[in-house]
Amino acid sequence: MNIESFKLTRTTKEAVKTATAMTLTYGIALGAGWNKPMWGGFAVAMVSLSTLGLSLNKSALRLLGTLVAAVVALCLIGLFPQERWMFMVGLSLWVGVCAYMMQGSNRAYFWNVCGFVSVIICVSVVTTSASPFQVAILRAQETGLGILVYSLVAMLIWPRHSRDQFLDALTALNTSQSQLYERCCSALRTDRPLGQSEELRADIIRLQAGLDAQLEAAIADSYDIWESRRQWRGVLLQSARVSSALEQLAEGLTVPKGFSPEKLFPNLEVFTRGVAQQLAAAGQLLRGEKPPHYGAESALEADNSVLQTQPLYDVGSLALLRHQLVDLGTQAHALRAALEPGRQKKFPEGRQPVFTGFTLGWMPDTDRVATTLRIMLALWMAYLVYLYVDGLPGGPTFVMLTGSLTLALAGTPQLRPLRVVLPFTAVSVLMSLIYLLVMPRLTGFHELGLLIFAVTFGICQKFGSPAKQPVKMFLLALFVSFVAINNSQSYSFLSVTTLWMVFTLVFLLLAVVSYFPFSPRPEKVFQRQMRSFVHSCATLLSDLATFGQGGAQSPVDLSLRSWRIRYHCHALATLPARLANWSKLVESRYLPVDSSGQLQQLVSAADTLGFQIRNLVEASRQRGNKVQGEHTTVSDAWRASVSAALAEFAAALNRVEVHVSGDTTLDESRQAQQQTLAAALQAAAADSDMSVTPETEHILRIVGIAQGISQSLLALVRAARGIEWPRWNEERFY
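All values reported here derive from a predicted model rather than from experimental measurement.

Chemist: How should the overall build of the protein be read in this particular structure?
Modeler: When you go through the protein residue by residue, the secondary structure sums to 27 helices and zero strands. In the protein, which comprises 734 residues, the share counted as buried stands at 52%. Put simply, of all contacts in the protein between residues at least 6 apart along the chain, 83% involve residues at least 24 apart. Taken as a whole, the protein presents about 32900 Å² of accessible surface, with 61% of it coming from carbon and sulfur.

Chemist: Would you mind going over the packing of aromatic side chains with me for this structure?
Modeler: The geometry of an aromatic ring pair is captured by the separation of the ring centres together with the interplanar angle, meaning the angle of the planes. In the structure shown here, the tally under the stated rule is 13 aromatic pairs. Taken together, a centroid distance of 6.3 Å and an interplanar angle of 5° make the contact between Phe453 and Phe457 stacked. Of this pair, Phe453 and Phe457 both sit in helix α18 (residues 445-462), four residues apart, which is roughly one turn of that helix. The exposure class of Phe457 is partly exposed, given its relative accessible area of 25%.

Chemist: How should I be thinking about the packing of helix α2 (residues 38-47) against helix α6 (residues 132-156) in this particular structure?
Modeler: Any two packed helices are characterised by the angle at which their axes cross and by the distance between the axes. Packing of α2 against α6 brings their axes to within 7 Å, and their N-to-C directions diverge by 45°. For the element pair α2 / α6, the angle class is oblique. The element α2 and its partner α6 pack so that their crossing is right-handed. Residue-level inspection shows Trp39, Gly40, Ala43, Val44 and Val47 of α2 in contact with α6, the latter providing Val135, Leu138, Arg139, Glu142, Thr143, Gly146, Ile147 and Tyr150. Of the residues in the contact of α2 with α6, the class split is eight nonpolar, three polar and two charged.

Chemist: Just checking my understanding: could you explain a nonpolar patch on the surface for this structure?
Modeler: Judged by side-chain polarity, Leu148, Leu152, Met155 and Leu156 come together as a nonpolar surface patch covering roughly 410 Å² of accessible area. You can see Leu152 is positioned in helix α6. On the accessibility criterion, Leu152 (41% relative accessible area) is partly exposed.

Chemist: Is there a simple way to think about the state of the cysteines in this case?
Modeler: Where two cysteines share a covalent bond between their sulfur atoms, that bond is called a disulfide. Here the structure, examined in full by the defined rule, presents zero disulfides. Among the cysteines around Cys184, which has no disulfide bond, Cys185 carries the closest sulfur, lying 6.9 Å off. The exposure class assigned to Cys184 is buried, which follows from its relative accessible area of 0%.

Chemist: Honestly, the side chain of Ser583 in this entry has me stumped. Any pointers?
Modeler: Residue position: Ser583 is located in helix α22 (residues 555-583). Residue classification places Ser583 among the buried residues on the basis of a relative accessible area of 5%. In this structure the side chain of Ser583 is engaged in a polar contact, spanning 2.8 Å, whose partner is the backbone oxygen of Ala580. Residue contacts for Ser583: discarding those within four places in its chain leaves Phe526, Leu599, Gln600 and Val603.

Chemist: Sorry, what's going on with the environment of Ala319 here?
Modeler: Note that Ala319 resides in helix α14 (residues 312-339). Judged by relative accessible area, Ala319 falls into the buried class, the value being 8%. Linking Ala319 and Gly704, residues 385 residues apart in sequence, is a C-alpha distance of 7.2 Å.

Chemist: Please explain the packing of helix α5 (residues 108-126) against α6 as it appears in this structure.
Modeler: With their axes 9 Å apart at the nearest point, α5 and α6 run at an angle of 140° to one another. In terms of orientation, α5 lies oblique with respect to α6. α6 is crossed by α5, and the crossing has right-handed handedness. Contacts between α5 and α6 involve Phe116, Val117, Ile120, Ile121, Ser124 and Val125 on the former and, on the latter, Pro132, Val135, Ala136 and Arg139.

Chemist: Can you help me understand the nonpolar core in this one?
Modeler: Core analysis: the largest hydrophobic core is formed by 98 residues, its most contacted members being Ile121, Ile485 and Phe503. Here the element with the most residues in this core is α5; it accounts for 13 residues. Sequence-distant contacts of Phe503, that is, excluding residues within four places in its chain, are made with Leu401, Leu405, Phe424 and Leu478. Listed in part, the 46 residues of the second largest apolar core include Leu215, Leu249, Leu264 and Ala332.

Chemist: What should I look at first to understand the side chain of Thr66 in this one?
Modeler: Its location among the elements puts Thr66 in helix α3 (residues 52-79). In this structure Thr66 touches Val113, Val117, Arg139, Ala140 and Thr143, once residues within four positions along its chain are discounted.

Chemist: How should the pattern of salt bridges be read in this particular structure?
Modeler: Side chains bearing opposite charge may pair, as long as their charged atoms lie close to each other. Per the counting criterion, the structure on display carries 13 salt bridges. Here Arg163 ties to Asp164 by a salt bridge, and the two come within 3.6 Å at their closest N and O atoms. Of the charged contacts, one joins Arg578 and Asp367 as a salt bridge, the two residues approaching to 2.7 Å between their closest N and O atoms. Of the two residues, Arg578 is situated in helix α22 and Asp367 in helix α15 (residues 366-388); the sequence distance between them amounts to 211 residues. Under the relative-accessibility criterion, Asp367 is labelled buried at 13%.

Chemist: Help me out: how do you make sense of unusual backbone geometry in this one?
Modeler: Excluding glycine, residues mostly have negative phi values, and the peptide bonds linking residues are mostly trans. The omega torsion across Phe516 and Pro517 is -10°, close enough to zero to call that bond cis. Among the secondary structure elements, Pro517 is positioned in the loop between α20 (493-513) and α21 (522-544).

Chemist: So what exactly am I meant to see when it comes to helix α8 (residues 198-221) here?
Modeler: A turn of α-helix holds 3.6 residues, and therefore any two residues three or four places apart point the same way. Its 24 residues give α8 an end-to-end C-alpha distance of 35 Å, which sits within 8% of 34 Å, the value for a rise of 1.5 Å per residue. Its maximal kink placed at Leu211, α8 deviates by approximately 35°. Turning to α8, its buried residues are Leu200, Arg201, Ile204, Leu207, Gln208, Leu211, Leu215, Ala217, Ala218, Ile219 and Asp221. For α8, the secondary structure elements touched by its buried residues are α3, α7 (163-190), α9 (223-227) and α10 (229-251).

Chemist: Whenever I open this one, the environment of Ser492 confuses me. Can you help?
Modeler: With respect to the secondary-structure elements, Ser492 resides in the loop between α19 (469-483) and α20. We classify Ser492 as partly exposed; its relative accessible area is 30%. Sequence separation between Ser492 and Leu436 is 56 residues; the distance between their C-alpha atoms is 7.5 Å. Setting aside residues no more than four positions away along its own chain, Ser492 makes contact with Tyr435 and Leu436.

Chemist: What is the right way to look at α15 in this model?
Modeler: Taking 1.5 Å of rise per residue, the 23 residues of α15 would be expected to cover 33 Å, and the 33 Å separating its terminal C-alpha atoms lies within 8% of that figure. Among the residues making up α15, those that are buried are Asp367, Arg368, Ala370, Thr371, Thr372, Ile375, Met376, Ala378, Leu379, Ala382 and Tyr383. Contact partners of the buried residues in α15: α4 (84-102), α5, α16 (396-409), α20, α21 and α22. Where α15 begins, the capping side chain belongs to Asp365, and its oxygen is found 2.9 Å from the backbone nitrogen of Asp367.

Thresholds, definitions, all that
- Residues numbered from 1 in each chain as written.
- Predicted model: local features only at pLDDT ≥ 70, side-chain atom pairs only at ≥ 80, totals over all residues.
- Heavy atoms only, no water.
- Helix = DSSP H or I, 4+ residues; strand = E, 2+ residues; numbered from the N terminus.
- Buried < 20%, exposed > 50% of the residue type's maximum accessible area, 1.4 Å probe, protein only.
- Contact = heavy atoms within 4.5 Å.
- Areas by Shrake-Rupley, 256 points an atom, 1.4 Å probe, with all protein chains shown as cover.
- Phe/Tyr/Trp six-rings, centres within 6.5 Å; stacked < 30°, edge-to-face > 60°.
- Axes fitted to C-alpha atoms, helices over the stretch in contact; angles between N-to-C directions.
- Parallel < 35°, antiparallel > 145°, perpendicular 65-115°, else oblique.
- Left-handed = near helix turned anticlockwise from the far one by under 90°.
- Nonpolar A, V, L, I, M, F, W, Y, C, P; charged D, E, K, R; others polar.
- Patch = residues over 30% accessible without salt bridge, like charges linked within 9 Å, V, L, I, M, F, W, Y side chains within 5 Å.
- Salt bridge = Lys/Arg side-chain N within 4 Å of Asp/Glu carboxyl O.
- Disulfide = S-S within 2.5 Å.
- Polar contact = N/O pair within 3.5 Å; in protein donor to acceptor, adjacent residues only side chain to side chain.
- Core = buried A, V, L, I, M, F, W, Y, C linked by side-chain atoms within 4.5 Å.
- Expected span 1.5 Å × (residues − 1).
- Bend = angle between axes of the 7 residues up to and from the residue.

This is the structure:
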């Protein structure tokens, strides 16, 4: 018999580890006589992840969040011991802060734990005779027990370190970057459009976004990664810059028809080959290989005589292309240098990534504010129902579950609460059968331990893949909740039916609250976010006309304008990804029968438009006072024209009786602004030497970006014409 057939799979090993940790946690807690050992079981269920580093990081976040929540809960109880309204105001404000921070933080789980554990401790203190300090300490020690047991089991039994997973993800990102770059180079050589690259670009964004967490996990469980952690953080920053430069190149890759880039850039082939070699060398370094020495970075030379024979718009596109290629070459060279062994742990300064999926600094977010208000409203409604409804099933448990589930579902706004009721009911029936029919027949912990191990192993084996981790955690949490193992065990059919009713009531409450402050219907959310996106585009274009012109503006006005520009840039960076997520949930009845991908085309056009406008913001800030007089006046006219068209487009989304396809003013406005800007820039060209100097190249870059914005806006309008917007605005109740 082949011995290879007896090897355990990775899923089976992880299931054995989780089941062992769950059984040991219950055994230690029951042996020590602690009440509510289920809290330790919850900790094991939530921190059991695919690698040791991920589990250790999440364990640290859960333990630290529990300690912070305990301190906050004790402070609230001490400040408002007999004032229930002020106590609830303080608790809801704290939960609101946690909810808001959770949605935009790299440590989202920490804020999640801070919020729901505070609710649990505060409500438990009100409904028990134990002192608040005892309740908080019991919760902390049970959580610490579960974390300690699972951490020891994960380190001693089949440990799986995160180092290889991190390096594999970084290598995969490098491969995707090289493939996208090859497609861009092929489009340049063949004078053809870039073609379908959305999937490849989405992979780059997805891989880049997950690297930070994987690096932190590798630092936690791999000594060599920990020793060089500063260097690896610099590598991730440089990799993000390469991804940003690639995204800009792919978004703005336009070559004039019938024009070969080699005419303007004689050494284009040598330059592009050098960039490809730098990306390939970075991949070799990641795989532990020694790449050849390719020499210093080459410059992309331009033939100034060619510019005199080309239309100004074409010259602008080519200047923008040169800037993007040079930037990509610089970032690729820096990435390869950052990966070289023995390099000093200091990395070159550079601009931050600007492509979709990466934003910098703290900025308020209307969607996050709406979710936070929704969570606070749900907590208040649960509290009021608990106070004024006699005979409420579960009593204080209703408030605790509301706080926990609202925070848990905040990260997945696309999930409708009512859709969870049916699968929850099916699982609760199975757990109730275990509780009522199996557990009363057990005579000792050796039999109870076998039951805990078997159920935990079965759940982890069935739902052990990374994509099913949330399902696994949810099922383990339900198992721990329904069996309610304790030293003084009792069995009652009423207890399981009450728990089922409490969960169902909480889901119903969340379904009602989900309509505040905005409708949760996917088509309504998509429409609202599209209006916000278009409004941010128009605002940025109008603000750029006066930004930087000090004049009579006070420093406060300039600061507010700068802050508003950064706010709308943040909106353009985040909204396209949200639009893409919500577009997948819009029902087919709102779309044309012959165009199932219409919304995806609209989202792609919006992503391109937002990216081009952000490029214009960056270029305009670098411009300073280089462009004056007639240029500035006509540029303002162009911006006003585009802003007006965007505002008209946003208004068309609100009208029930008018289709976007029936509004021809958009096309007329696009043509008018192109003619106006082209005439002014041609007049400026007649008075200046249009050779590629740093000053004129910067002006030409803005021209190229402006042309890209015009084309992107036309693509957005054309994509919107195939959608029946009036049906989206019809009133419905469901």
